[in-house]
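Working through the structure, step by step
The primary structure of each chain is shown beneath.
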Amino acid sequence: MDKRFKHTLVAHKICPFSMKVLTVMRHKNVKFEIKFIETHNKPEWFIRISPLGNVPVLIIGEEVVLSESAIIMEYIDEITHPKLMPDDPLQKALDRAKFEYSNEIIRNLYSFIFSTEQEKFVRQKEWLIKHFKWIEEQLRDKKFINGNELSLVDLSFVPLFVALNMLKSTLPCDMLKDFKRLKIYGEMITSLPCSKTGRVPDYEFLMIDGIKTQNTVLYRSNPCYFNNDSKPQGCCFFRN
Amino acid sequence: MDKRFKHTLVAFKICPYCMKVLTIMCHKNVKFEIKFIEMHNKPDWFLKLSPLERVPILIIGEEVVLFESAAIMEYIDEITPPKLMPDDPIQKAIDRAKFEYSNEIIKNLYQFVFCLEQEKFINLKQWLIKHFKQMEEWLKDKQYINGTEISLVDFNFVPVFVVLNMLKPILPCDMLKDYKRLQNYGDSLTSMQCTKTGRVPDYEFLMIDGIKNKNTVLFRSNPCYFNGPKASRCCFFGK
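Reading guide: rules and limits
All residue numbers refer to positions counted from 1 along the written sequence of the respective chain. Going through the entries in the order they are written, you letter the chains from A and number the ligands from 1. A pLDDT threshold of at least 70 governs which residues receive local features in this predicted model, and a stricter bar of 80 or more applies before side-chain atom pairs are shown or counted, although totals over entire chains, interfaces and linings include all residues. To obtain the side-chain values, all non-hydrogen atoms of the structure were included, while hydrogens and water were left out. Per-residue confidence from the prediction method is given by pLDDT, with values spanning 0 to 100. What counts as a helix is a DSSP run of H or I of at least four residues, what counts as a strand is a run of E of at least two, and both are numbered from the N terminus. A contact between two residues is defined here by any heavy atoms of the two lying within 4.5 Å. Only buried Ala, Val, Leu, Ile, Met, Phe, Trp, Tyr and Cys residues count toward a nonpolar core, and they belong to the same one when joined by side-chain atoms within 4.5 Å. The classification of residues rests on relative accessible area computed with a 1.4 Å probe and restricted to protein chains. Under 20% of the type maximum is buried, over 50% is exposed, and intermediate values are partly exposed. UniProt positions are given in the numbering used here, feature names are shortened, and annotations may be inferred rather than shown by experiment. By salt bridge we mean one thing: a side-chain nitrogen of Lys or Arg within 4 Å of a carboxyl oxygen of Asp or Glu. Ring pairs are drawn from Phe, Tyr and Trp, using the six-membered ring of Trp, whenever the two centres fall within 6.5 Å, and their geometry is named by plane angle: stacked under 30 degrees, edge-to-face over 60, tilted for the rest. The criterion for a charge sitting over a ring is simple: Lys NZ or Arg CZ within 6 Å of the ring centre, and within 35 degrees of the ring normal. When DSSP locates at least two bridges between a pair of strands, those strands are taken to pair. Helix axes are fitted only over the stretch in contact, all axes being lines through C-alpha atoms; the angle between N-to-C directions runs from 0 to 180 degrees.

1. Points about the confidence of the model for chain A
Residue and element names in this part refer to chain A. When pLDDT is averaged along chain A, the result is 89, and 91% of the positions lie at 70 or above. Of all secondary-structure elements in chain A, the lowest mean pLDDT belongs to helix α12 (residues 223-227), at 79, while helix α6 (residues 152-156) reaches the highest, 97. pLDDT under 50 marks residues 231-240. Its contacts with residues more than four places away, or in other chains, come to 26 contacts.

Here it is in structure tokens:
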């Protein structure tokens, strides 16, 4: 293969931003190599190429390095037809704003999942519910964010629902229980083949392991769910 | 004017991300209205429009709300040809990554300016110098980031140099003293007409007022600069 066009994705196994990029690359059938790194032990070669030290990073050829998931996703979309981003400048800008919005939701969700302080945990849960409500209202009766067709911005929300599904199977408390449209939307985008292939096979295992070993509020409130195979009927944490 | 195309920018007076958008709108001669709001007292109508409660937001017509400075800047660029963003997908992606990089520099620079803790102040200064060094290397002998012509990515760095210029008379210690290319680059950006018009006239006053009122490390180390006649040597940056 012409080395100038070789794509190498540098990612972290449970990083949701890496997952977004992986999902788009799978959807678009891009050929690429993937290198996983540890966030707490970044190799020298990575620190040299990534000025802000973040994943994901896409190395094109031998020298070009792209960072930021939204940027990499748009680049992949532009080099593989048909494009999933709209052409209209206004619609494009609206979608780009939603990319950042999805980043903020995901950051807060991960912060919530791995929270070790009770008060912060409760505040973050409230913040998340408030924003699920906002997205529910934005969705209206549409199948996807922009109507009947999938667009790039929908793939930006995949890690959100993958993480929520992981929580759902661990704790019988559904954070989306009051948001019917959001649930349907989530089911649809997580049932896309690229959603299934767009993450490492051990994602759920690594997340649950992290929740336990970091002694999170989630784990401390519900140790039974993380340790036994038989799940009790009621959720001891999400009261309402 | 047709209300469907009316542009209203909602901003904070000293917000650097708002400054980026203002600068490009001035450069491109876009007609717009600006509404300033207070950071610590956001009005209800704003909270309803901006899901993450951040500025800048651009209201188009009566209903469409754009947020994120990078998204707004690219939108403005696209509706006012000739475009300042490149067409090539790789170059576009590289430039967009620099938009984000500039956000990180600006965030750290503001944290440094308004820092209350000595140790954090020093760490931030070192972080900034490290990244100024990186930028100096990127610039090489180019007049602008992408060569001899200005592109949209250059506008992202305007607030960095506006702040550094504001700091210069306060402290005769120039954070860019070892970076000649970066100094020249900063001078060419800040001498553009749109850079001068792309911020509120009281920007420097409000920033300096904030530095004093918050009892920042900058103020505590150099009260003479904020209150009295200017001393000839910088009492903080030792060397």
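Past the structure itself, the notes keep going.
2. Quick notes on the nonpolar core
Residues I113, F132, L155 and F157 of chain A are the most contacted members of the largest nonpolar core, which totals 88 residues. Per-element tally for this core: the top contributor is helix α4 (residues 89-113) of chain A, with 9 residues. Setting aside anything within four residues of it in sequence, one finds F157 of chain A in contact with K98, Y101, S102, I135, I145, Y185 and I189 of chain A. Core analysis: the second largest hydrophobic core is formed by 67 residues, L84, F155, M192 and I211 of chain B among them.

3. Some points on the UniProt feature "domain: GST N-terminal" (unreviewed entry) in chain A
As annotated in UniProt, the feature "domain: GST N-terminal" (unreviewed entry) corresponds to residues 5-84 of chain A in the numbering used here. For residues 5-84 of chain A, the end-to-end C-alpha separation is 22 Å, with 36% helix and 21% strand making up the annotated structure.

4. Brief notes about the pattern of salt bridges
A complete count under the given rule lists 30 salt bridges over all chains for this structure. In this structure, E33 of chain A engages K35 of chain A in a salt bridge whose closest nitrogen and oxygen atoms are separated by 3.9 Å. Given a relative accessible area of 31%, E33 of chain A falls into the partly exposed group. For K35 of chain A, a relative accessible area of 35% puts it in the partly exposed group. The partner of R54 of chain B in a salt bridge is E104 of chain A, and the shortest N-O contact between them spans 2.9 Å. Linking R54 of chain B in the loop between α2 (44-49) and β3 (57-60) with E104 of chain A in helix α4, this pair reaches from one chain into another. Overall, R54 of chain B belongs to the partly exposed group, its relative accessible area being 33%. The network of salt bridges with shared partners includes E74, E78, K92 and R96 of chain A together with E74, E78, K92 and R96 of chain B.

5. Brief notes about the packing of aromatic side chains
All names here are of chain B. Within the structure shown, the criterion is met by 11 aromatic pairs over all chains. With a centroid separation of 6.0 Å and an interplanar angle of 55°, the aromatic rings of Y110 and F114 are classed as tilted. Residue Y110 is classed as buried on the basis of its relative accessible area, which comes to 13%. Across from the ring centre of W45, 5.9 Å away, lies the NZ or CZ of K35, which sits over that ring. Here K214 stacks its cationic end above the ring of F114, 4.9 Å away from the centre of that ring.

6. Section: the sheet that holds β3 of chain B
Pairing within the open sheet is mixed, and its 4 strands lie in the order β2-β1-β3-β4 (chain B). Looking at which strands have only one partner, the edges of the open sheet turn out to be β2 (33-36) and β4 (64-67) of chain B. Put simply, the sheet's adjacent strands are angled 20° from each other on average, direction ignored. Judged from the 4 bridges that link them, strand β1 (residues 7-11) of chain B and β3 of chain B form a sheet pairing that is antiparallel. Paired with H7 of chain B across the strands is I60 of chain B, a residue of β3 of chain B. In the packing of α4 of chain A onto the sheet, contacts are made with β3 and β4 of chain B, and the angle to β4 of chain B comes to roughly 55°.

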